[in-house]
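Take a look at the letters that make up each chain.
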Amino acid sequence: MSNDLEKAAAARAAVEYIEEGMIVGLGTGSTAAFAIREIGKLVAEGFELFGIPTSLRSESLARKLHIPILSLDSAERIDITIDGADEFDPYMQLIKGGGGALLREKIIAYNTEKNIIIADHSKKVSRLGAFPLPLETIPFATSQIKTILEDAGLKPELRMDDDQAFLTDEGNYILDINIGHVSNISMLEDELLHIPGIVDTGLFLSTTDIIIVSSGEEVEIIERHP
Ligand code: 5RP
């Protein structure tokens, strides 16, 4: 089964959690786009819901599908968010931000009642870190931050978009770092967030409630136990 078929199967399973009238966070990336298209089908069938996109890209797809959009500040709650991930581990910890939307994704996840992550089998890892960890940084501070991270052995790379620095929806830069050798990820997260100019990291350590991972013909649902 191709990764796209697996992504579509996970997306269909996630969309079953949506109930009439819900406010739904719309994730970013190729897997989340499958979910947005499924949500578009619900809307076309007359299902009432509102979407809150985690990126301009997802907003544009949602608008094409006529999904009613709410802004974060006008929503009194977010019931469910369906988003993708670059990696997830057995503790439901994630690396996100491969698509550059980590900051808005983290804000939406933090404010969501039930966070559902959808993934094909390639995203499941025994420990995080094969995928580079994205850090969203203020342009003014980025070269100093890069030096600090180089000195710490984290091999930062400024993300590029052709020959320009990649810009996030908030107008920030992204430094991708190598954390494959790091054993205490939550300590690293604390240390990174103490460096002025790092706005946020792509580590999502405790926000996920459900992971739906599709592998071949099988769809596995992993739930967080309190
Ligand atoms: C975007 C993200 C995406 O969810 C992540 O990069 C996975 O993308 P894809 O589904 O295309 O593999 O965090 O910022």
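Throughout, residues of each chain are indexed from 1 in the direction in which the sequence is written. Under the rules for a predicted model, residues below a pLDDT of 70 receive no local features and side-chain atom pairs below 80 are neither given nor counted, while totals for whole chains, interfaces and linings still include all residues. Hydrogens and water are ignored here; the side-chain numbers use all heavy atoms of the structure.

Another point: the site of the ligand. Residues in contact with the ligand amount to 16 residues; listed here are only the nearest, Ser30, Thr31, Asp86, Gly97 and Lys123. Polar contacts, as used here, are pairs of N or O atoms within 3.5 Å; protein pairs need one atom able to donate a hydrogen and one able to accept it. Residues neighboring in sequence count only if both atoms are side-chain atoms. A distance of 2.5 Å separates an oxygen atom of the ligand from a polar atom in the side chain of Thr31. Gly99 is positioned with one of its backbone polar atoms (N or O) 3.3 Å from an oxygen atom of the ligand. In isolation the ligand offers 380 Å² of accessible surface; the protein chains occlude 90% of this area. Its residues assigned to classes, the shell around the ligand comprises two nonpolar, nine polar and five charged. Any residue with a heavy atom positioned within 4 Å of a molecule or strand is treated as near that molecule or strand. Using the Shrake-Rupley algorithm and a 1.4 Å probe, accessible areas are obtained, with residue cover drawn only from the displayed protein chains. Residues are sorted three ways: Asp, Glu, Lys and Arg are charged, Ala, Val, Leu, Ile, Met, Phe, Trp, Tyr, Cys and Pro are nonpolar, and all the rest, Gly among them, are polar.

Relative accessibility thresholds used throughout: buried, under 20% of the residue-type maximum; exposed, over 50%; partly exposed, between the two (1.4 Å probe, protein chains only). Only DSSP runs of H or I covering at least 4 residues are called helices, and only runs of E covering at least 2 are called strands; the numbering of each starts at the N terminus. In terms of burial, strand S11 (residues 173-177) is a largely internal element, four of the five residues being buried. A pair of strands is labelled paired if DSSP reports no fewer than 2 bridges between them. Strand direction decides the pairing type here: strand S7 (residues 133-137) and S11, joined by five bridges, are antiparallel. Looking at S11, one finds that Glu136 is bridged to Ile174. By the bridge criterion, two bridges tie strand S8 (residues 157-158) to S11 in an arrangement that is antiparallel. What sits directly across from Glu157, in S11, is Asp176.

Okay, the packing of aromatic side chains next. Only rings of Phe, Tyr and Trp enter the pairing, Trp through its six-membered ring, and a pair is recorded when the two centres are within 6.5 Å. The plane angle decides the type: under 30 degrees is stacked, over 60 is edge-to-face, the rest tilted. Overall, the coordinates contain zero aromatic pairs when judged by the stated rule. The rule is short: NZ of Lys or CZ of Arg within 6 Å of the ring centre and within 35 degrees of the ring normal puts a charge over the ring. Across the ring face of Phe34, the terminal group of Arg37 is positioned such that the distance to the ring centre comes to 4.9 Å. One residue, Lys96, lies across the ring of Phe204, its end atom 5.6 Å from the ring centre.

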